[in-house]
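Observations on chain architecture
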Amino acid sequence: FLQVLNEKKLQEVDSLWKEFETPEKANKIVKLKHFEKFQDTTEALAASTALVEGKLSKNLKKILKKIVAKDAHEQLAVADAKLGGVIKEKLNLSCIHSPMVTELMRGIRSQIEGLITGLPSREMAAMCLGLAHSLSRYKLKFSPDKVDTMIIQAISLLDDLDKELNNYIMRCREWYGWHFPELGKIITDNLTYCKCVRKVGDRSNFASSDVSDILPEEIEEDVKAAAEISMGTEVSEEDINNIIHLCDQVIEISEYRTQLYDYLKNRMMAIAPNLTVMVGELVGARLIAHAGSLLNLAKHPASTVQLLGAEKALFRALKTKRDTPKFGLIYHASLVGQSNTKNKGKISRMLAAKTALTIRYDALGENTSAEMGAENRLKVETRLRLLEERGIRRISGTGKALAKADKYQNKSEVKVFDPSGDSTLPVVSKKRKIQEVDEQDTEVAVKAKKFKAEMKEGTAVEDGEPVKKKKKKKDKEKEKQAEEEVVMSEELPTSPITEVR
């Protein structure tokens, strides 16, 4: 405990650091009043932990009672406002916390070796380092931030189990399918299939085996009937034993997966209850695993939370200057799955904004209830309902007319099959066909006339008479005009030229 000697200099907060530049100046501002040392590191760790959490330790309470008895009228400057409230409540001692106190504490820490005499600097540094290591170890051990490592490992293991389980089941179905292929079509559930194979083994045992505890009566009858007329090949007993051993592995992994999912569900409700209510256990756990920890996820903005898991698509879209993705891991949330394709982008954006709030509340808040997550989920569901109903609400005035104008009307279009697409022949219009028919008729008529003319010429040559070509009307008219001109020129008289004076 240190006592302030000159309170006037403390009023100048901006220049208070100058008073602690040297140990001599610091001794003029404050002086040591009481010093209590810890017996060992464990006691020092307990006192430091209590101070960090804002609690009052037993040793500190005893010392403060002694000081209260001597100087009850003086104020106690504390660096933590929460600790000051506890001291005032339990000991009725007036405490002060302000920016001036913060600067004062900073100056005292810088000159602590000069203010407390009898402590070598080397031993002081070793004690501070040892206490810092112990305090860090304690924080890591009991910090809720460290527990989210279990969530990250659990969701990664769950994904690995799903992949292995799918591979094992595919191999089991393919292997036993050579012996009894009809069973795979009758029993669609993978776990039921493996239990049935493990219990019966060879298909010839289905007739005498009772699998009513695994299969319903109708399916059991179908299986027994199919076993009698199966087209599968015969296999040895060693092959059946290996298949049964594989079925045991599938059943054990499925049971462990169920147990791991329950563990993950309970852990998520303990660490991030509001996030779990908003998006579910699996999506919440994948978001935490993708970010690295719950605290790192709380530092991300809502837009980043919306696109977590779609980084590759985002950068590819930015590079090619195309539309960016609208959702990442959050796409698998139930609220996004309920919405239409048109509204998925809007719902994912709103869900990401509310999810970012719940993540920060879970990571940094002290309350462990899931009320905030339930309220935000209700808001998103209300918004989804409004979008699905096309925003038809009770409104008055001009807004009502606008709502009527914008009202959604479903227009169903009945499309009729066009058979013309089935033909591979070129499509020709009717007009074109008519023109082609007319042209063909004229060509036939012309050919017929030419043929008749040739026949007449042939007969005329055979008789020895010259063939006279028919003249056209225009040629005849020209010949008549030429003959008339010749006649006129002959009739005109030739008279001598007389000169008139």
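Residues numbered from 1 in each chain as written. Predicted model: local features only at pLDDT ≥ 70, side-chain atom pairs only at ≥ 80, totals over all residues. Heavy atoms only, no water.

**Brief notes about the overall build of the protein**
- Looking only at helices and strands, the protein has 23 helices and 4 strands in total.
- Each of the 501 residues in the protein was classed as buried or not, and the buried ones make up 28%.
- In the protein, once contacts between residues fewer than 6 apart in sequence are set aside, the share between residues at least 24 apart is 61%.
- As displayed, the protein has an accessible area near 36,300 Å², and 54% of this comes from carbon and sulfur atoms. (Helix = DSSP H or I, 4+ residues; strand = E, 2+ residues; numbered from the N terminus. Buried < 20%, exposed > 50% of the residue type's maximum accessible area, 1.4 Å probe, protein only. Contact = heavy atoms within 4.5 Å. Areas by Shrake-Rupley, 256 points an atom, 1.4 Å probe, with all protein chains shown as cover.)

**Details of the nonpolar core**
- Judged by nonpolar contacts, the single largest core of 62 residues is most densely connected at Tyr176, Leu183, Phe206 and Leu351.
- Among the elements that line this core, the one with the most residues is helix H12 (residues 237-271), at 12 residues.
- Split by domain, this core shows at least three residues from each of two domains, domain 2 (146-260) and domain 3 (272-389). (Core = buried A, V, L, I, M, F, W, Y, C linked by side-chain atoms within 4.5 Å. Domains from an automatic or database assignment.)

**Focus on helix H2 (residues 41-52)**
- An ideal rise of 1.5 Å per residue puts 16 Å on 12 residues; H2 measures up with 16 Å between its terminal C-alpha atoms.
- The set of residues buried in H2 consists of Ala44, Leu45, Ala47, Ser48, Thr49 and Ala50. (Expected span 1.5 Å × (residues − 1).)

**What to know about the side chain of Ser339**
- In this fold, Ser339 is placed in the loop between helix H18 (334-338) and helix H19 (344-364).
- Overall, the relative accessible area of 6% leaves Ser339 in the buried class.
- With near-sequence residues (within four places) excluded, Ser339 lies in contact with Lys344, Ile347, Leu384 and Glu388.

**A look at a negative patch on the surface**
- The grouping of Glu217, Glu218, Glu221 and Asp222 at the surface amounts to a negative patch.
- The topology assignment puts Glu217 in helix H11 (residues 217-228).
- Residue classification places Glu217 among the exposed residues on the basis of a relative accessible area of 62%. (Patch = residues over 30% accessible without salt bridge, like charges linked within 9 Å, V, L, I, M, F, W, Y side chains within 5 Å. Salt bridge = Lys/Arg side-chain N within 4 Å of Asp/Glu carboxyl O. Lys, Arg positive; Asp, Glu negative; His and termini not counted. Charge placed at Lys NZ, Arg CZ, Asp CG, Glu CD.)

**Brief notes about helix H4 (residues 81-91)**
- When H4 is considered as a whole, its buried residues turn out to be Leu83, Gly84, Val86, Ile87 and Leu91. Within H4, the buried residues cover an arc of 160° as seen down the axis, which keeps them to one side. Exposed residues lying more than 90 degrees from the buried face of H4 are Lys82, Lys88 and Glu89.
- Just downstream of H4, Asn92 is the residue with a positive phi angle, here 55°. (Arc of directions from axis to C-beta.)

**Notes on the packing of aromatic side chains**
- All told, the structure shown has 3 aromatic pairs when counted by the stated rule.
- Ring geometry for Tyr176 against Tyr193: centres 6.5 Å apart, planes inclined by 85°, an arrangement best described as edge-to-face. Taken together, the residues Tyr176 in helix H8 (residues 144-177) and Tyr193 in helix H10 (residues 190-200) connect sequence positions 17 residues apart. In this structure, Tyr176 and Tyr193 share a single accessibility class: buried.
- Summarising the aromatic geometry, the rings of Phe327 and Tyr331 are spaced 4.8 Å apart at their centres and angled 40° between planes, so their arrangement reads as tilted.
- Seen from the ring of Tyr193, Arg173 lies directly overhead, with NZ or CZ sitting 4.4 Å from the centre. (Phe/Tyr/Trp six-rings, centres within 6.5 Å; stacked < 30°, edge-to-face > 60°. Lys NZ or Arg CZ within 6 Å of the ring centre and 35° of its normal.)

**Things to note about the state of the cysteines**
- For the coordinates displayed, the defined rule picks out 0 disulfides.
- Sulfur of Cys172: no disulfide; nearest cysteine sulfur belongs to Cys247 and is 3.4 Å away.
- Judged by its relative accessible area of 0%, Cys247 is buried. (Disulfide = S-S within 2.5 Å.)

**Looking at the pattern of salt bridges**
- Scanning the model with the defined rule gives 9 salt bridges in all.
- For Asp162, the salt bridge goes to Arg257, with nearest N and O atoms at 2.4 Å. Here Asp162 is found in helix H8, whereas its partner Arg257 is found in helix H12, with 95 residues between them in sequence.
- Exposure remark for Asp162: the relative accessible area of 23% places this residue in the partly exposed category.

**Things to note about the packing of H10 against H12**
- Taken N-terminus to C-terminus, the directions of H10 and H12 make an angle of 140°; their axes are 9 Å apart at the nearest point. Between H10 and H12, the angle is such that the two are oblique. For H10 against H12, the interelement crossing comes out left-handed. Across the interface between the two elements, Leu191, Cys194, Lys195, Val197 and Arg198 of H10 pack against Ile243, Ile244, Cys247, Asp248, Val250, Ile251 and Ser254 of H12.
- In terms of residue class, the contact of H10 with H12 is made up of 8 nonpolar, 1 polar and 3 charged. (Axes fitted to C-alpha atoms, helices over the stretch in contact; angles between N-to-C directions. Parallel < 35°, antiparallel > 145°, perpendicular 65-115°, else oblique. Left-handed = near helix turned anticlockwise from the far one by under 90°. Nonpolar A, V, L, I, M, F, W, Y, C, P; charged D, E, K, R; others polar.)

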